[in-house]
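Observations on chain architecture
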Amino acid sequence: MSNVKHRPMRYSKYIHHFSYYKKTGKASEWINHINKETSNHDINIIMPVFEEGIKTLILHKDLVTEQSKLVFLPTWDAFYRANHKESLAKHLEEYKIPGPKSMMLTSTESEVFETITTHFPLLVKPPENSGGGDGIRKFDTKEELKNYFEGTEIQQPLLLQEFIEGYDLGCNVLCKEGKILAFTIQKGNLWNQKPFSPQIGLRFIEDNEAYRTVERLMDSLNWTGVANVDMRYDSIHKEFKIIEINPRFWSTLDASLIAGVNFPHLLCLSALGEAYEMPRYEKIAYLNLKGLINCLLKNRSYIPNLSFIWNNTPLRYAIKDPVPMVYWFFWRAKNILLLRVKYILKAN
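Numbering of residues starts from 1 in each chain and follows the order in which that chain's sequence is written. Reporting in this predicted model follows two pLDDT cut-offs: at least 70 for local features of residues, and 80 or more for side-chain atom pairs to be given and counted; totals over whole chains, interfaces and linings ignore these cut-offs and use all residues. Hydrogens and waters are ignored; side-chain quantities use all the structure's heavy atoms.

1. Details of the environment of N294
Tracing the sequence through the fold places N294 in helix α9 (residues 289–298). In this structure, the C-alpha to C-alpha distance between N294 and P126, residues 168 residues apart in sequence, is 29 Å. Whether two residues are in contact is decided by their heavy atoms: any pair within 4.5 Å suffices. Sequence-distant contacts of N294, defined by excluding residues within four places in its chain, comprise L190 and I200. A run of H or I in DSSP becomes a helix once it reaches four residues, and a run of E becomes a strand once it reaches two; helices and strands are each numbered from the N terminus.

Written out as structure tokens, the structure reads:
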């Protein structure tokens, strides 16, 4: 069920039925659609996948006719703390969990910049997770930050966060009441050109210290549901620091699947009350399709092992179920063409 009429996954051969409803600003209307679909199609599991849907179902759970069919969801307090960067920073400080020093920028008046105590370089972020690194900028000096905002008014408070020298690590989890039921740990090794965007190549690793840090975090939040935790290893203080939490499914979900942990399936099993042992994942390398193309374009002599392409990328899924990918490419090409036409017309 989606408010995007032609979402590519609609055309997957694995989709039995797709329901489209126009986006509504009223939670009650959206949940009424869910109740209708649950009844009409004898639905077993109600599983939101994006922040807005998760947030709405947490806040208006009482409107769901068959609440027992909802997957595990966090409490509103835990979700807000995880999703709102300032609240997460305060939570980390309260529970003495390592994290970068942070403060809020609420005004661009000249004297405000003199109160900044966070060390440079620093990052400026929107207060809530926007996905894909959107809205994040890095500043090396206070003067650079001040000049960037000079003469402008900010529309909403922004988070100033110290930049941690080190490397990124991600931990994906499924939890119930603070206990981790399944997890994978991944280290990125290939990124898009866009700064702070998700990795397009990674390797799954084991790291007990990183796991223990996430374990403390999930326990402190009494977290229930899935989450993607972004961390950074502080090479100066020799510790992992929590950067942010994505309280939803993440963009490299298929990488965890290939490594041996099917998070959506486990979430469904949990909702159905079926027991399972914590799955183990393989320490494999992974490239998404963009990463694979990137490697081929950057190094024309690079000929990856065909076994690697089949087993360590999503290509096999695209081949077995090609229509969504084909539709996405046509949609993407059409949008790029329209943008270029608009640019040409505007230039003339």
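On we go.
2. Description of the packing of helix α2 (residues 51–59) against helix α3 (residues 76–83)
One can describe the packing of α2 onto α3 by two numbers: an axis separation of 10 Å at closest approach and a directional angle of 155 degrees. Considering the angle they form, α2 stands roughly antiparallel to α3. Considering how the two elements wind past one another, α2 and α3 form a crossing that is left-handed. Residues E51, I54, K55, I58 and L59 of α2 lie in contact with α3, whose contacting residues are W76, F79 and N83. When residue character is reported, Ala, Val, Leu, Ile, Met, Phe, Trp, Tyr, Cys and Pro are called nonpolar, Asp, Glu, Lys and Arg charged, and the others, Gly included, polar. Within the contact of α2 with α3, the residues separate by chemical class into five nonpolar, one polar and two charged. Each axis is a line fitted through C-alpha atoms, and for a helix only the stretch in contact is used; angles between axes span 0 to 180 degrees, taken between their N-to-C directions. Orientation is classified from the angle alone, with under 35 degrees giving roughly parallel, over 145 giving roughly antiparallel, 65 to 115 giving roughly perpendicular, and any other angle giving oblique. In a left-handed crossing the near helix is turned counterclockwise from the far helix by less than a right angle, and in a right-handed crossing that turn is clockwise.

3. Focus: the nonpolar core
Definition of nonpolar core: a set of buried residues of the types Ala, Val, Leu, Ile, Met, Phe, Trp, Tyr and Cys, connected through side-chain atoms within 4.5 Å. For each residue, the accessible area found with a 1.4 Å probe, counting protein chains only, is set against the maximum for its type, and the residue is called buried under 20%, exposed over 50%, and partly exposed in between. By size, the foremost hydrophobic cluster in this structure holds 58 residues, and its most contacted members are V173, L217, M218 and M231. The dominant element in this core, judged by the number of residues it contributes, is helix α6 (residues 208–221), at six residues. Other than its neighbours up to four places away in sequence, M218 contacts V173, C175, G178, I180, W223, V229 and I245. Judged by nonpolar contacts, the second largest core, of eleven residues, contains I116, V124, F149 and I154.

4. Points about the packing of aromatic side chains
We call Phe, Tyr and Trp rings a pair once their centres come within 6.5 Å, taking the six-membered ring for Trp, and we label the pair stacked below 30 degrees between planes, edge-to-face above 60, and tilted otherwise. Enumeration over the complete set of coordinates arrives at 15 aromatic pairs. Relative to Y327, the ring of Y11 has its centre 4.9 Å away and its plane inclined at 35 degrees; by these criteria the two rings are tilted. On the criterion of sequence distance, the pair formed by Y11 in the segment before α1 (27–40) and Y327 in helix α12 (residues 323–347) is long-range, its members being 316 residues apart. Ring geometry for Y167 and F240: centres 6.4 Å apart, planes at 85 degrees, overall edge-to-face. Taken as a pair, Y167 in strand β5 (residues 166–176) and F240 in strand β9 (residues 239–246) lie far apart in primary sequence, 73 residues in all. Under the relative-accessibility criterion, Y167 is labelled partly exposed at 30%. Through pairs of rings, three or more aromatic residues link up here, namely F183, F204, Y211 and Y281. Should the NZ of a Lys or the CZ of an Arg lie within 6 Å of a ring centre and within 35 degrees of the ring normal, that charge is described as sitting over the ring. The positively charged end of K138 is found above the aromatic ring belonging to F163, 4.1 Å away from the centroid. Against the face of Y281 rests K283, its NZ or CZ located 4.9 Å from the ring centre.

5. Quick look at the sheet that holds strand β2 (residues 122–125)
Two strands are said to pair when DSSP picks up at least two bridges between them. Strand order in the open sheet formed by four strands is β1-β4-β2-β3, with antiparallel pairing between adjacent strands. With partners counted over all chains shown, the strands left at the sheet margins are β1 (102–105) and β3 (137–139), one partner each. Averaged over all adjacent pairs, the angle separating strand axes in this sheet is 30 degrees, with direction ignored. One ladder, built from three bridges, connects β2 with β3; its direction is antiparallel. Paired with L123 across the bridge in β3 is K138.

6. Overview of the sheet that holds β5
Strand order in the open sheet formed by six strands is β9-β8-β5-β6-β7-β10, and the pairing between neighbours is antiparallel. Strands with a single pairing partner mark the edges of an open sheet, and in this sheet they are β9 and β10 (285–287). Across the sheet, the mean angle separating the axes of adjacent strands is 30 degrees when strand polarity is ignored. Taken together, the seven bridges between β5 and strand β6 (residues 179–191) define a ladder with antiparallel strand orientation. From the neighbouring strand, K176 faces β6, where its bridge partner is K179. Strand contacts of helix α8 (residues 263–271): β5, β6 and β8 (225–234), with the helix running at about 25 degrees to β5, the strand carrying the most contacts.

7. Quick notes on the confidence of the model for the protein
Atomic detail in the predicted coordinates should be set aside for any region of low pLDDT. For every residue, the predictor reports its confidence as pLDDT, a number between 0 and 100. Summarising the model, the protein shows a mean pLDDT of 90, and 96% of its residues fall at 70 or more. Looking across the protein, the model is least confident in α12, with a mean pLDDT of 82, and most confident in α6, with 98.

8. Quick look at the pattern of salt bridges
Close approach of charged atoms allows side chains with opposite charge to pair. By convention in these notes, a salt bridge is any Lys or Arg side-chain nitrogen within 4 Å of a carboxyl oxygen on Asp or Glu. Counted according to the given criterion, the structure contains ten salt bridges. Here E51 and R248 are joined by a salt bridge, their closest N and O atoms 2.7 Å apart. Placement of the pair is E51 in helix α2 and R248 in the loop between β9 and α7 (253–259), with a sequence separation of 197 residues. Its salt-bridge partner being D77, residue R81 comes within 3.2 Å of it at the nearest N-O pair. Placement of the pair is R81 and D77 together in helix α3, with a separation of four residues, close to one helical turn. When salt bridges that share partners are traced, they join D77, R81 and E94 into one network.

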